[in-house]
Structure formats: structure tokens, C-alpha cells
Amino acid sequence: MEELLNDVVPQEDLERFEKKYHHEQELDGEVSTETKFEYAFCLVRSRYTNDIRKGIMILEELARLHPDGRRDYIYYLAFGNARIKNYTEGLKYCRAFLEIESNDQVRSLEEYIKKQSDKEIAKGMAVAGGAALVLGGILAIAMAKNNRNRDK
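Residues numbered from 1 in each chain as written. Predicted model: local features only at pLDDT ≥ 70, side-chain atom pairs only at ≥ 80, totals over all residues. Heavy atoms only, no water.

(A) Just the pattern of salt bridges, in detail. Inspection of every chain in the model, using the stated rule, returns 9 salt bridges. Asp-72 serves as the salt-bridge partner of Arg-71, at 3.0 Å between the closest nitrogen and oxygen. Residue classification places Arg-71 among the partly exposed positions, given a relative accessible area of 33%. You can call Asp-72 partly exposed: its relative accessible area is 34%. Between Lys-92 and Glu-89 there is a salt bridge, and its shortest N-O distance comes to 3.1 Å. In this pair, Lys-92 and Glu-89 both sit in helix H6 (residues 87-100), 3 residues apart, roughly one turn of the helix. Relative accessible area serves as the criterion here: at 43%, Lys-92 is assigned to the partly exposed category. (Salt bridge = Lys/Arg side-chain N within 4 Å of Asp/Glu carboxyl O. Buried < 20%, exposed > 50% of the residue type's maximum accessible area, 1.4 Å probe, protein only. Helix = DSSP H or I, 4+ residues; strand = E, 2+ residues; numbered from the N terminus.)

(B) Fine view of the nonpolar core. Counting residues in each nonpolar core, the largest one holds 37 residues, and the members touching the most others are Tyr-39, Ile-58, Leu-59, Tyr-75, Tyr-76, Leu-109 and Ile-113. Sorting the residues of this core by element identifies helix H2 (11-28), helix H3 (33-43), helix H4 (49-65), helix H5 (70-83), H6 and helix H7 (104-151) as the ones contributing at least two each. Aside from chain neighbours lying at most four places away, what touches Tyr-39 is Leu-14, Phe-17, Glu-18, Tyr-21, His-22, Lys-54 and Ile-58. (Core = buried A, V, L, I, M, F, W, Y, C linked by side-chain atoms within 4.5 Å. Contact = heavy atoms within 4.5 Å.)

(C) Structural context of unusual backbone geometry. Notably, Lys-85 is not glycine yet its phi reads approximately 65°, a positive angle. Along the chain, Lys-85 falls in the loop between H5 and H6.

(D) Geometry of the packing of H4 against H5. Running from N to C, H4 and H5 cross one another at 155°; their axes reach a closest spacing of 9 Å. With respect to each other, H4 and H5 are oriented roughly antiparallel. Considering only the axes of H4 and H5, their crossing is left-handed. Here H4 contributes Ile-52, Ile-56, Leu-59, Glu-60, Leu-62 and Ala-63 to the contact with H5, which in turn contributes Arg-70, Tyr-73, Tyr-76, Leu-77, Gly-80, Asn-81 and Arg-83. Class assignment for the residues of the contact of H4 with H5 results in 8 nonpolar, 2 polar and 3 charged. (Axes fitted to C-alpha atoms, helices over the stretch in contact; angles between N-to-C directions. Parallel < 35°, antiparallel > 145°, perpendicular 65-115°, else oblique. Left-handed = near helix turned anticlockwise from the far one by under 90°. Nonpolar A, V, L, I, M, F, W, Y, C, P; charged D, E, K, R; others polar.)

(E) Fine view of H5. With 14 residues, H5 should reach 20 Å at 1.5 Å per residue; the first-to-last C-alpha distance of 20 Å fits that figure. Along H5, 11 of the 14 residues are buried, which leaves the element largely enclosed by surrounding structure. Where H5 is concerned, the buried positions are Tyr-73, Ile-74, Tyr-75, Tyr-76, Leu-77, Ala-78, Phe-79, Gly-80, Asn-81, Ala-82 and Arg-83. Count one or two residues on from H5 and you reach Lys-85, which has phi positive near 65°. (Expected span 1.5 Å × (residues − 1).)

Below is the structure:
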């Protein structure tokens, strides 16, 4: 799963679908559902976080307005959120997908997200623990100096 999440869209593909998206927008003021999905699909596979976020926004709109493609939109919402380490949202979308249909790839993504989330929590706890040790050390030094000054 990690390999799939680290696979980025070729820049030419992203540019081609971005051009198509903007072309449709300029012509009619409206972009087809298919073009929105193609563009969002490329964006969530971009190497840039802002592109991924933009893709997520388009997919959220598609999921809200077009229930017929909801399954695909939800999967790529989970995928995009996992790529930007928004694990809570990623899990939410995995679970929403699995309510619609059982799927091994989505279960694999869900497991990956859970593991990564646990790692992030462990890192946070380690940092907090380290900060507490440093603070404790500083307080101990300050108290020792204070006691020495009183003894004089």
C-alpha cells in the first residue's frame, strides 16, 4: 500500500487534465463530472500537498452531488487524506466505503492508515515525554540553585 501511496502522477498527465478542466470551465462555465473526477484523481496523486487538498475538495463535492460515482470518490478521498497524513479523515472514508462494499484494497488502505496513525501518536508521546523530562530537569536545577542560595 505504501508503494501505491507514494506513486505520483506524471506532471504531463496532471497538466493535461488541468487544461481540460479549465477549458470546459471557460466554454460553458460548467465542468463535466467525468472531467472533474479525472482532474481530482490526478491531483490526489500529485507530489504537492496543495494539489492533493484541491483534489480532495473536488472529490468531496462530487461525492455530495453525484451518488452514482460515490464509491470511487470515497476511495480517492481516503487515499488523498492518507497521502497528506490526515489519518482521521482517511479512516472515516475507508469505513464509509466498506459500508457500501467489501474490498481488499480498501481494507489494506485502512490497515495502513491505522498503523501510520499509531506511529504518529507514538511519536507525539515520545516528544511530549522528552519535553516533560527536559522541563523536569530544568525545574530540578532551578530548585537545587534555590536551595543553595538559601543555605548561604
